[in-house]
Amino acid sequence: MQAKERARQRRVAEWSLTMRKIIFFTLISISGYAASLESMLLESVQALPLNYRIIKTCGDWRVKDTRGYYRLVVADVDDGAGSEVYVQWITHSTLEQKSKLIKTLAFSELNNDHAQYLIQTATCEKKGGFAYVTIKALYEHDEKDLVHHFLIRLIDIGKYELGENSVVELFLGPLR
């Protein structure tokens, strides 16, 4: 009887060891696979300049047979004293061609090193047939803390219309 019990315990122990090895190698392979999926662009993202504070896409554009999307980029300048705003026109990738940067537009009204804005928020959305960029920013020459609101309509590749600039006083008092 003892011999049978020892043989059964040995089989259970061997089975248990085999199962632990299978579970261990399965977990290793799954975690390695998941880590490799999550890290495909890690080096590219780490290489982005630290002063690129906002990068987002919004809306699609089309010119004849070429289609693409807009990319909004906000970068800090002068160690964060001000910001610059750009919009890029990028083509969608196809089976025949990778995505391609068509145009980068700098907004001269906002990107002036003698009259800098510090961008607080930047949004970009498609409404109707146009994409709109909305900017909220502080202006370096204001005597009070004022928030400047800009609405920019993207018209064609490299072209835009700047709407009315509205200014709202920023409330910095205590909440009651």
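Everything quoted here is computed from the prediction, not taken from an experiment. (Residues numbered from 1 in each chain as written. Predicted model: local features only at pLDDT ≥ 70, side-chain atom pairs only at ≥ 80, totals over all residues. Heavy atoms only, no water.)

Visitor: So, the nonpolar core: which residues are in play, and what are the values?
Guide: Residues I135 and L154 are the most contacted members of the largest nonpolar core, which totals 23 residues. Secondary-structure elements contributing two or more residues to this core are β1 (52-63), β2 (66-77), β3 (82-91), β5 (117-127), β6 (130-139) and β7 (146-156). Once residues within four sequence positions are removed from consideration, L154 is found in contact with Y70, V87, W89, F107, F130, A131, V133, K159 and Y160. (Core = buried A, V, L, I, M, F, W, Y, C linked by side-chain atoms within 4.5 Å. Buried < 20%, exposed > 50% of the residue type's maximum accessible area, 1.4 Å probe, protein only. Helix = DSSP H or I, 4+ residues; strand = E, 2+ residues; numbered from the N terminus. Contact = heavy atoms within 4.5 Å.)

Visitor: Which residues make up the environment of D145, and what are the values?
Guide: As for its position among the elements, D145 is in the loop between β6 and β7. A relative accessible area of 38% means that D145 is categorised as partly exposed. Separated by 23 residues in sequence, D145 and V168 have C-alpha atoms that sit 8.8 Å apart.

Visitor: Requested: an account of a nonpolar patch on the surface, with residues and values cited.
Guide: A cluster of nonpolar side chains, namely M40, L41, V45, L48, Y52 and I55, defines an oily patch on the protein surface of about 610 Å² accessible area. Mapped onto the elements, M40 comes out in the loop between α1 (2-38) and α2 (42-46). Relative accessible area serves as the criterion here: at 66%, M40 is assigned to the exposed category. (Patch = residues over 30% accessible without salt bridge, like charges linked within 9 Å, V, L, I, M, F, W, Y side chains within 5 Å. Areas by Shrake-Rupley, 256 points an atom, 1.4 Å probe, with all protein chains shown as cover. Salt bridge = Lys/Arg side-chain N within 4 Å of Asp/Glu carboxyl O.)

Visitor: Can you lay out the state of the cysteines for me, pointing to particular residues and giving the numbers?
Guide: Applying the stated rule across the entire model yields one disulfide. Across the disulfide, C58 is cross-linked to C124 (sulfur-sulfur distance 1.7 Å). With C58 in strand β1 and C124 in strand β5, this pair connects stretches of sequence that are 66 residues apart. (Disulfide = S-S within 2.5 Å.)

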